[in-house]
Amino acid sequence: MERVKLFLPLLIFIVLAVMLYWGLERDPNAMPSALVDRPVPAFTLPALNVDSLDTENLDVDNLDADKGLVDEQLFVGKVTLLNVWATWCPSCRIEHPYLAELTAQGVPIIGLNYKDDDEKARRWLLRYGNPYQLVIADHQGRLGLDLGVFGAPETYLIDSTGVIRFKHVGVLNDRVWQSKIAPLYQSLRAGEEKLPR
Amino acid sequence: MTAEFGHFALILALCLALGQAFVPLLGTLRANRLWMASARPMAYGQFVFAVSSFICLVMLFLGDDFSVRYVAENSNLNLPDRYKVSAVWAAHEGSLLLWALILSMWTFAVALFSRNLPLELVARVLSVMAMIAVGFYLFLLFTSNPFERLLPFSPVDGKDLNPLLQDIGLIIHPPMLYMGYVGFSVAFAFALAALMAGRFDAAWARWTRPWTIAAWAFLTLGICLGSWWAYYELGWGGWWFWDPVENASFMPWLTGTALIHSLAVAEKRGLFRSWTLLLAILTFSLSLLGTFLVRSGVLTSVHAFAADPARGIYILVFLAVVIGGSLLLFAFRGQTLQRTASFNWSSRETFLLGNNLLLVVAMGVILLGTLYPLVADVAGWGKISVGPPYFNWFFVPLALILAVIMAVGSVSRWKHHPPAMLASLALWPALVSIVVSAGVLFIHGYSFALLPLVSLAVAAWVVIWSLRDWWRKSSSSRGRLAGSRRLRGSYYGMLLAHIGIAVAIVGVTLTSHYSEQRDLRLSPGEAVSVAGYDFEFRAEERIRGPNYVARRGRFEVLRRGALIAELNPEKRYYSGGGQVMTEADIDGNLRRDIYVALGEALEEGGAWSVRIYVKPYVRWIWLGGLMIAMGGGIAMVDKRYRRLAQTRPRSEAQAGVEVSGTEQQITEGSGAQQQRNG
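In this text, all values refer to a predicted model and were calculated from it rather than measured experimentally.

Chemist: Before we move on, can you summarise the overall build of chain B with the specific residues and values?
Modeler: Looking only at helices and strands, one finds 21 helices and 13 strands in chain B. Burial statistics for chain B: of 678 residues in total, 50% are counted as buried. Contacts in chain B between residues at least 24 apart in sequence constitute 74% of all its contacts with a sequence separation of at least 6.

Chemist: Before we move on, could you go through the overall build of chain A and cite the residues and values that matter?
Modeler: When you go through chain A residue by residue, the secondary structure sums to five helices and seven strands. Start at the N end of chain A and walk to the C end: the helices and strands fall as α-β-β-β-α-β-α-β-α-β-β-α. By residue count, 32% of the 197 residues in chain A fall in the buried class. Relative to all contacts within chain A whose residues are 6 or more apart in sequence, the contacts with residues 24 or more apart total 75%.

Chemist: Describe the sheet that holds strand 8 (residues 585–588) of chain B, listing the residues and the values that go with them.
Modeler: Residue and element names in this part refer to chain B. Strands sit in the order 1-10-9-8 across an open sheet of four strands; the sheet is antiparallel. Lying at the two open borders of the sheet, with one neighbouring strand each, are strand 1 (516–522) and strand 8. On average, each strand axis in the sheet is inclined to that of its neighbour by 15 degrees, with strand direction left out of account.

Chemist: Tell me what's going on with the pairing of strand 7 (residues 164–169) of chain A, and back it up with residues and numbers.
Modeler: It is a general feature of regular strands that their side chains alternate between the two faces of the sheet. Residue and element names in this part refer to chain A. Strand direction decides the pairing type here: strand 6 (residues 154–158) and strand 7, joined by five bridges, are antiparallel. Across the sheet, the residue bridging to Ile 158 is Ile 164, located in strand 7. Hairpin connection from strand 6 to strand 7: five residues lie between these consecutive antiparallel strands, with Gly 162 at a positive phi of about 85 degrees.

Chemist: A description of the nonpolar core should follow, citing residues and the corresponding values.
Modeler: Counting 183 residues, the largest nonpolar core has Ala100(B), Ala187(B) and Val462(B) as the members making the most contacts within it. For this core, the leading source of residues is helix 9 (residues 202–233) of chain B, giving 19 residues. Residue contacts for Ala100(B): discarding those within four places in its chain leaves Ala50(B), Ala133(B), Phe136(B), Tyr137(B) and Leu140(B). With 32 residues, the next largest nonpolar core counts Leu112(A), Ala137(A), Leu157(A) and Ile164(A) among its residues.

Chemist: I'd like a description of the packing of helix 9 of chain B against helix 10 (residues 244–268) of chain B, backed by residues and values.
Modeler: A pair of packed helices can be characterised by two numbers: the angle between their axes and the separation between those axes. Residues and elements named next belong to chain B. Remark: helix 9 packs on helix 10, axes separated minimally by 9 Å, with the N-to-C direction vectors making an angle of 155 degrees. For the element pair helix 9 / helix 10, the angle class is roughly antiparallel. Here helix 9 runs over helix 10; the crossing is left-handed. Looking at the contact of helix 9 with helix 10 residue by residue, the classes come out as 14 nonpolar, eight polar and four charged.

Chemist: I'd like a rundown of the confidence of the model for chain B, residues and numbers included.
Modeler: Residues and elements named next belong to chain B. For chain B, the mean per-residue pLDDT works out to 85, and 88% of the residues sit at or above 70. Across residues 301–306, confidence stays below pLDDT 50; counting only partners more than four residues off in sequence or on other chains, it has nine contacts. Predicted confidence is poor over residues 644–678, with pLDDT under 50, and the contacts of this stretch with residues over four places away or in other chains come to 53 contacts. Scored as a complex, the prediction yields pTM 0.78 and ipTM 0.71.

Chemist: Account for the packing of helix 16 (residues 419–444) of chain B against helix 17 (residues 450–473) of chain B, naming residues and giving values.
Modeler: Residues and elements named next belong to chain B. One way to put it is that helix 16 packs onto helix 17 with a least axis distance of 8 Å and a crossing angle of 130 degrees. Between helix 16 and helix 17, the angle falls in the class oblique. The interaxial crossing formed by helix 16 with helix 17 has right-handed handedness. Taken together, the residues of helix 17 that come into contact with helix 16 (itself represented by Pro 429, Ala 430, Val 432, Ser 433, Ile 434, Val 436, Ser 437, Ala 438, Val 440 and Leu 441) are Pro 452, Leu 453, Leu 456, Ala 457, Ala 460, Trp 461, Ile 464 and Trp 465. Here the residues of the contact of helix 16 with helix 17 are counted per class, giving 16 nonpolar, two polar and no charged.

Chemist: Residues and numbers for the confidence of the model for chain A, please.
Modeler: All names here are of chain A. Chain-level statistics for chain A give a pLDDT mean of 76 and a share of 77% at 70 or above. When mean pLDDT is compared element by element in chain A, strand 3 (residues 80–85) scores highest at 91, while strand 2 (residues 66–71) scores lowest at 67. Counted against residues more than four places away or in other chains, residues 26–32, with its pLDDT under 50, gives eight contacts. Below a pLDDT of 50 lies the segment residues 52–66, which in the model reaches 21 contacts outside its immediate sequence neighbourhood of four places, other chains included.

Chemist: Could you give me a rundown of the domain arrangement of chain B, with the residues and numbers involved?
Modeler: By a frequent convention, interface size equals the accessible area lost on bringing the separate parts together. Its domain assignment divides chain B into domain 1 (1–166), domain 2 (418–514 + 621–646) and domain 3 (516–617). Centre-to-centre separation of domain 1 of chain B and domain 3 of chain B, based on C-alpha positions: 43 Å.

Chemist: Report on helix 16 of chain B, specifying residues and quantitative values.
Modeler: Residues and elements named next belong to chain B. For helix 16, which comprises 26 residues, the first-to-last C-alpha distance of 37 Å matches the rise-based estimate of 38 Å (1.5 Å per residue) to within 8%. At Ala 426, helix 16 shows its largest kink, close to 30 degrees, and the proline Pro 429 lies no more than four residues downstream. Inspection of helix 16 places Pro 429, Ser 433, Ser 437, Val 440 and Leu 441 among the buried residues, and these make up the whole buried set. Those residues of helix 16 that are buried are in contact with helix 17. The first or second residue beyond helix 16 is Gly 445, which carries a positive phi of 70 degrees.

Chemist: Any details on the environment of Leu522(B)? Residues and values, ideally.
Modeler: Residue and element names in this part refer to chain B. Tracing the backbone through its elements, the reader meets Leu 522 in strand 1. In sequence terms Leu 522 and Pro 373 are 149 residues apart; their C-alpha atoms lie 39 Å from each other. Contacts of Leu 522, omitting those with residues within four sequence positions, involve Val 528, Phe 537, Ala 607, Trp 608 and Val 610.

Chemist: Explain helix 15 (residues 388–409) of chain B to me, using residue names and the numbers behind them.
Modeler: All names here are of chain B. The terminal C-alpha atoms of helix 15 lie 30 Å apart, and with 22 residues this matches the ideal 32 Å at 1.5 Å per residue to within 8%. Roughly 25 degrees is the biggest bend found in helix 15, and it falls at Phe 395, with proline Pro 397 one to four residues downstream. Considered for burial, the residues of helix 15 that qualify are Pro 389, Tyr 390, Phe 391, Leu 402, Ala 403, Met 406, Ala 407 and Gly 409.

Thresholds applied
- Residues numbered from 1 in each chain as written.
- Chains lettered and ligands numbered in written order.
- Predicted model: local features only at pLDDT ≥ 70, side-chain atom pairs only at ≥ 80, totals over all residues.
- Helix = DSSP H or I, 4+ residues; strand = E, 2+ residues; numbered from the N terminus.
- Buried ≥ 20, exposed ≤ 12 C-beta atoms within 10 Å, placed from the backbone.
- Contact = placed C-beta atoms within 7 Å.
- Pairing = 2+ DSSP bridges.
- Axes fitted to C-alpha atoms, helices over the stretch in contact; angles between N-to-C directions.
- Core = buried A, V, L, I, M, F, W, Y, C linked by C-beta atoms within 7 Å.
- Parallel < 35°, antiparallel > 145°, perpendicular 65-115°, else oblique.
- Left-handed = near helix turned anticlockwise from the far one by under 90°.
- Nonpolar A, V, L, I, M, F, W, Y, C, P; charged D, E, K, R; others polar.
- pLDDT = per-residue confidence, 0-100.
- Domains from an automatic or database assignment.
- Expected span 1.5 Å × (residues − 1).
- Bend = angle between axes of the 7 residues up to and from the residue.

In structure tokens form, the structure reads like this:
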């Protein structure tokens, strides 16, 4: 039994090596999300106040932290994208210009500022532009935890009844949008219009 | 011709390394002393050829030989000479050659300073180091040859070195880091030699210790330099980003720290032996992983891997052979037979065990955070950043707990230290450190928050325990001076390193929690006040450097109306590659840094976006790092290691061991163990 212990490091190494190799060989498939086809978890969080951004005289100390509280009802009524981002995330910076493009095409995007600092988030939006209709400030990462966020960036497609229909982990770009999200988004939009009002 | 000479020298170095890898090892199997003795001359020869090859590459850079592809890609005519030299290790091929050069330097040093070690051990150690060298030479020659020519169409001028790398920090940072990484190969080679021989006694641990401490001290310096460089060169005002490249150097540092502590236990008490060997293997494996992953660009993008499959496959196979092979040897030859020496739960052994476990857990957390985005990327889950929140959330509490037990552990006794005695020792430092911490926050007028309060208290706790221990140990009937001289170099090294940790904790805490920063729009003539300092933007001017033009802002910093500094941040435009660089200007002292960087020009000849930071005590971070490295340096040259190394390797039952300082000595007699207070 004692001798077996000595083989433990080797076994761990082999398992790790096989996993890495298997990872390299694996067919790139999106991982299934546990929350797909489930409603957005309940939350009540402040929205980041981005309206008072003033490039001329940025008086950071006197910025009001929140615009008000929002909850999961935010997603009811229209098809939206929920984009998880943070200023500490370099990949989010890469993704940012594409979000602006989507906004320009009329796709509504709600931001989830994940485990971040309000002031930094505001600076970021000031510097790179704001593609979001509204930004939820999730300082503690509570909503992120409920959503099962792996790391930023992540993007969720949410239908007009507030149910998550698709989850993309990683940078959203034109290829991902066209191949994975756009078809579903269009059909959801079409379905939404058919609904009796 | 220089390129061909360099290439040829590299091939000769490979041939000698091949000889050195196998002849002495066969000698140990056949008890052939001549074969074993051949290890040293071959190590000297390998060193000579590795140095020659490296010098050739340096000369190619200095002589602007753009017919060599590597030179053309990383240098140009306008580059100042000192950067031409540092450009040698600015990219993949050259930094691998530097790695191989430093490995041959360590091999040379081991061959030179091992006169007093048994020939068998020397033969095995040098063989193992040569095997690693063979791996590197083959990788260089077959996939990453820095001497490859671009013929017949050589460019007239080169592309220029990445401006980020045109900096004094980058001249010395990689060599320091590599001295650390590669230095752990010595501990690794000693561990494999011990496994081959089936013998790892107190003498083995004593021989391994100074080498390991040396490598660790270099790595500490390397990490500090890297952090300092990021701070003043990147223009973001941060000093640590939990970036994969930083993590790659931090992981071997953590396990290396665990290793130097477990070596102490292995030497003095004969415990934790298999664990020590495993740590030596782990530390060097992480160094290798760091080198390859960082340099191959795999960590930033898997596509770098795919771009050159030959390199990728070679790296994977090499890592598998080195790590898998050494772990296989460990599995078959590692002895589970621990000495029966027992220790109470309240003892120095327990504290050091706690230290080892916490350090390894911290490493595991960082490894997971570093590799996870890579795994996610190869598995097609998309690109993900695991950000600082993850690392800070796990690492900060671990580091604080570690510092708390470090202070107690370095004072506690081997085998058994009655918990009641430790508790009575702990009472007043606990109270005083909380008061000191609150006092520091109060005097500076900082807001009270739990984390800074706790962190500062931990730092004070470490300093109090360390200094009190020194005060007690240095008391002597012949006076304080005589008493403090009597203490060993290794004790002072430990003291300095531990206080260095406290100093770094103070720096990290105050900077992280109480820095002030502003991003502003400023035109020449305007002024702004940040954290009690007035910044006046006087003028903007244009200047010309050797290979760039720059726009420079002139800022005057006033405190209560008195001028305290003039800062000149620059925005540089490099002609070679067309890159733009932000050169921040910093006025710093031990109490605070004032940092001004130019962002973007908002309108021609007028307003700039300006970034201003006031960072309290930020230099303490690097001061602490320097103290830690110096502590390692002092401990390494302790005469004890040399004196004992000269005696014949005694059987471990007779090995006399000494405990920190001279207060307590534990003598392990044959079987019977007794403790006497000296």
